[in-house]
Amino acid sequence: MVHVISSRTLLHPSDPERSRTFYGEQLGLAVHREFGTGPQRGIVYFLGGGFLEVSGRSETPPSPAVQLWLQVEDVAAAHEELRAKGVEIVRPPVKEPWGLVEMWIVDPDGTRIVLVEVPADHPIRYRPGI
């Protein structure tokens, strides 16, 4: 078995500064660490139980198979905040048949991001014995 100590998702954007502005200022993700200098510097953001590293540069668009799932406390509040900041909303919050409230946005390179609210009565919150 592989013993994983830490993990992160790596994104190599086509325009690093634009992506740093999106993740750091528009989404407001907290910075875990920064490395390097100048326009190619990298930033690692906290993502709840994981990390998102935005570093390097890519000349090719991201694969549509790569998507980010971010759980938030209040999707309606996130929707209003992000809309006010000019973030492209692909789909406003909708309660899905499986009970989660989901909203879709995209980053500057088109990476799809779902913001998810888990309602208090959803089975995901059920923890027997706790």
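In the annotation of an unreviewed UniProt entry, the protein chain is listed under the name VOC family protein and assigned to Streptomyces guryensis.

Within the structure shown, the criterion is met by eight salt bridges. Each member of the salt-bridge network shares a partner with another, and the members are Glu17, Arg20, Glu34 and Arg41.

It is worth spelling out the UniProt feature "domain: VOC" (unreviewed entry) in the protein chain at this point. Under the UniProt annotation, "domain: VOC" (unreviewed entry) lies at residues 1-118. Helix makes up 18% of residues 1-118 and strand 36%, and the two end C-alpha atoms of the span are 31 Å apart.

Quick look at the sheet that holds strand β6 (residues 89-95) now. Overall, mixed pairing links the four strands, which are arranged β5-β8-β7-β6 in an open sheet. The open sheet has two edge strands with one neighbour each: β5 (67-71) and β6. Put simply, the sheet's adjacent strands are angled 15 degrees from each other on average, direction ignored. Judged from the five bridges that link them, β5 and strand β8 (residues 112-117) form a sheet pairing that is parallel. Bridge pairing in β8 places Trp69 opposite Val114. Sheet strands in contact with helix α2 (residues 75-84) are β6, β7 (101-106) and β8, and its direction is about 160 degrees off that of β6.

Turning to the nonpolar core, a few remarks are in order. Core analysis: the largest hydrophobic core is formed by 20 residues, its most contacted members being Tyr23, Leu27, Leu52, Ile105 and Ile113. For Tyr23, the contacting residues outside a window of four places in its chain are Leu11, Gly28, Leu29, Tyr45, Leu52, Val54, Leu68, Asp107 and Ile113. Leu100, Trp104, Val116 and Val118 belong to the second-largest nonpolar core, a separate cluster that totals five residues.

What follows covers the layout of surface pockets. Put simply, the largest pocket is a space of about 320 Å³. Residue lining of the largest pocket: 16 residues in total, with Leu29, Leu47, Leu70, Gln71 and Val72 positioned closest to the centre. Of all elements in the fold, only β3 (42-47), β5 and α2 reach the threshold of two or more residues within the lining of the largest pocket. The greatest single-element share of the lining of the largest pocket, amounting to four residues, is contributed by β5. For the lining of the largest pocket, the per-class residue count stands at eleven nonpolar, four polar and one charged.

Once that is clear, we can look at the pairing of strand β4 (residues 50-54). A large share of β4 lies buried, amounting to five of its five residues. Of the two faces of β4, the one lined by Gly50, Leu52 and Val54 and the one lined by Phe51 and Glu53 are each fully buried. Relative to β4, strand β1 (residues 9-11) runs parallel, the two being bridged by three bridges. The partner of Leu11 across the bridge, within β4, is Val54.

The rules behind each value
- Here the residue index of a chain counts from 1 through its sequence in written order.
- Local features in a predicted model are, by the rule used here, given only for residues with pLDDT of at least 70; side-chain atom pairs are given and counted only at 80 or more, and totals for whole chains, interfaces and linings are based on all residues.
- Hydrogens and waters are ignored; side-chain quantities use all the structure's heavy atoms.
- The rule for a salt bridge is simple: a side-chain nitrogen of Lys or Arg has to be within 4 Å of a carboxyl oxygen of Asp or Glu.
- UniProt positions are given in the numbering used here, feature names are shortened, and annotations may be inferred rather than shown by experiment.
- Numbered from the N terminus, helices here are DSSP runs of H or I no shorter than four residues, and strands are runs of E no shorter than two.
- Note on pairing: DSSP must find at least two bridges between two strands before they are called paired.
- Lines are fitted to the C-alpha atoms to define the axes, a helix being fitted only along its stretch in contact, and any angle between axes, read from their N-to-C directions, falls within 0 to 180 degrees.
- Contacts: residue pairs with any heavy atoms within 4.5 Å of one another.
- Take the buried Ala, Val, Leu, Ile, Met, Phe, Trp, Tyr and Cys residues and link them wherever side-chain atoms come within 4.5 Å; each set so joined is a nonpolar core.
- Classification of residues uses two cut-offs on accessible area relative to the type maximum, computed with a 1.4 Å probe and protein chains only: under 20% is buried, over 50% is exposed, and between them is partly exposed.
- Cavities and pockets are defined on a 1 Å grid built over the protein atoms alone: a cavity is a set of grid points where a 1.4 Å probe fits but cannot escape, while a pocket is an open set with protein on both sides within 12 Å along at least five of seven lines, and lining residues are those with an atom within 4 Å of any such point.
- Grid points are joined across faces, edges and corners, and a volume is the space filled by probe spheres set on the points.
- Residues are grouped as follows: Ala, Val, Leu, Ile, Met, Phe, Trp, Tyr, Cys and Pro are nonpolar; Asp, Glu, Lys and Arg are charged; all remaining types, including Gly, are polar.

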